[in-house]
Amino acid sequence: MYAARLRLKLPANVHQLLVRRFEFKHRDWLVGDEPASFWPLTIALGMPTETVALKQIDTVRAWVNAWRDWQGEGDLYWSTPRWRVLGSQRLPDKLVLATARQAAAWAGELDRWTRAADREAMLTRRWPRFARRLGSLFAVLADYSEADFQRLVDVLDWINSNPASGLYPRQLPIAGLVTKWLDSRRPVLATLVSFLSEDELGEADFYSLCGLRRMPPQIRLRILDPNLRALVRGIGEITAPVDQIAELNLPALSVLIVENLQSGLALPDLPGTVAIIGLGYGVDLLGQISWLRNIQGRYWGDLDTHGFAILNRARTYLPNLDSFLMDEKTMKEFSSLWGTESRQHSGAVLKLLTDDEQNVYEALKRNLWGQNLRLEQERIAWPNVCAALYRDGGAQ
């Protein structure tokens, strides 16, 4: 307590100070983005006046002894003031750290710092365009295992040497490269490749940056009318690339867009109707299926803010899309089955919602019925679903 009041910095105080400094500045330190005058870093240890020392002699003595016993990184400088009463006293004055490595050691981050600095230096020697640009990837450089880091370098090296291969990612001839590993590291690879190519990351996705071929987006289509199924040899369900679904050009009268996969799989036969299920926010694919634009469309999603956001986005491509079972009555009827959204959609107004839909959306956003409430569509009793499917506006 007294050391804090006297502003004396013990080794423990310097440690805490440098833990905070490291947390906020380690990325800049790694790439030398501090002003040239930043290093060496001088930390004054709070040397007291004689008046203060006389009042708290035991506290000052403990402070001096702590630094006398200290061993660690940096240069400790002592001063010898000549006081009128206490005479000449040898007191710790300041600690000087010459490098970021010494600061990292004080912060308890020496191993991570050394690994990150060594890897940053290696990458910059190999690819000079990385110079002063890898600070944002400190955690990658510091924390990847040797195997993961080497694989990252191997992938980067191969892409740099084959910038327009047109291969699928799993075709790359690199040891240990599996889909799960690559999928979790695409943002890191995209950032590194953008540095090498000088392309703006915001203007290109991972695949175009790396010259790789993306997996074609898939549509899961259910054909709910036996007569329509007869046109495709009785097949009732098709999962295929969106361009192949677009070429089917089925003479359907109605399409159901169903957010939840199992709800879509449970749909009964309906005259003239097809269903597209499980797209979530991938409803942008609807814009590529031209034969959907001039038929009746209905959307059924979760009664939560994201369900309405997906409906709003789907109407960009199918302007006449109606919703069903996404109203206040349904929400309240199944209140015993409410759940919660971990995070609500950020938009305040969704311009393509009807007035009634917007009212429910705003009620959810304002937590009118409870905090972050949602009703998942599969919680709705199935007789209610079937009744809604055959009501006015349903498939006839």
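So, here's what we can say about the structure. (Residues numbered from 1 in each chain as written. Predicted model: local features only at pLDDT ≥ 70, side-chain atom pairs only at ≥ 80, totals over all residues. Heavy atoms only, no water.)

So, unusual backbone geometry
Inclusion rule: With a 1.4 Å probe rolled over the protein chains alone, any residue whose accessible area is under 20% of its type maximum counts as buried; one over 50% counts as exposed, and the rest are partly exposed.
Cis peptide bonds are those with omega within 30 degrees of zero, and the linkage from Trp 39 to Pro 40 qualifies with 0 degrees. Residues other than glycine seldom take positive phi values, yet Arg 132 does so here, at roughly 65 degrees. For Arg 132, a relative accessible area of 53% corresponds to the exposed category. One non-glycine residue with positive phi stands out, namely Asn 249, at about 50 degrees.

Focus: the packing of helix 6 (residues 110-126) against helix 8 (residues 146-161)
The condition that has to hold: Axis definition: a line fit to C-alpha positions, over the contact stretch in the case of helices; interaxial angles, taken between N-to-C directions, run 0 to 180 degrees. Strands are runs of DSSP state E lasting at least two residues, helices are runs of H or I lasting at least four, and both sets are numbered from the N terminus onward. Each angle gets one of four labels, with under 35 degrees taken as roughly parallel, over 145 as roughly antiparallel, 65 to 115 as roughly perpendicular, and the rest as oblique. Here a crossing is called left-handed whenever its near helix is offset anticlockwise from the far helix by less than a right angle, and right-handed whenever the offset is clockwise. The criterion used for residue contact is that any of the two residues' heavy atoms lie within 4.5 Å.
For the pair helix 6 and helix 8, interaxial distance at closest approach is 13 Å and the crossing angle is 15 degrees. The angle between the axes of helix 6 and helix 8 places the two elements in the roughly parallel class. The chirality of how helix 6 crosses helix 8 is right-handed. Between helix 6 and helix 8, the residues in contact are Arg 119, Met 122, Leu 123 and Arg 126 and Glu 146, Phe 149, Val 153 and Asp 157, respectively.

Notes on the sheet that holds strand 1 (residues 41-44)
Let me state the cut-off plainly: Any two strands with at least two DSSP bridges between them are considered paired.
Judged by pairing direction, the sheet is antiparallel, and its 3 strands sit side by side in the order 1-5-2 without closing on themselves. The two strands at the open ends of the sheet, each matched to only one other strand, are strand 1 and strand 2 (75-79). On average, each strand axis in the sheet is inclined to that of its neighbour by 25 degrees, with strand direction left out of account. Across 4 bridges, the pairing between strand 1 and strand 5 (residues 91-97) is antiparallel. Bridge pairing in strand 5 places Ala 44 opposite Lys 94. In the packing of helix 4 (residues 57-68) onto the sheet, contacts are made with strand 2 and strand 5, and the angle to strand 5 comes to roughly 45 degrees.

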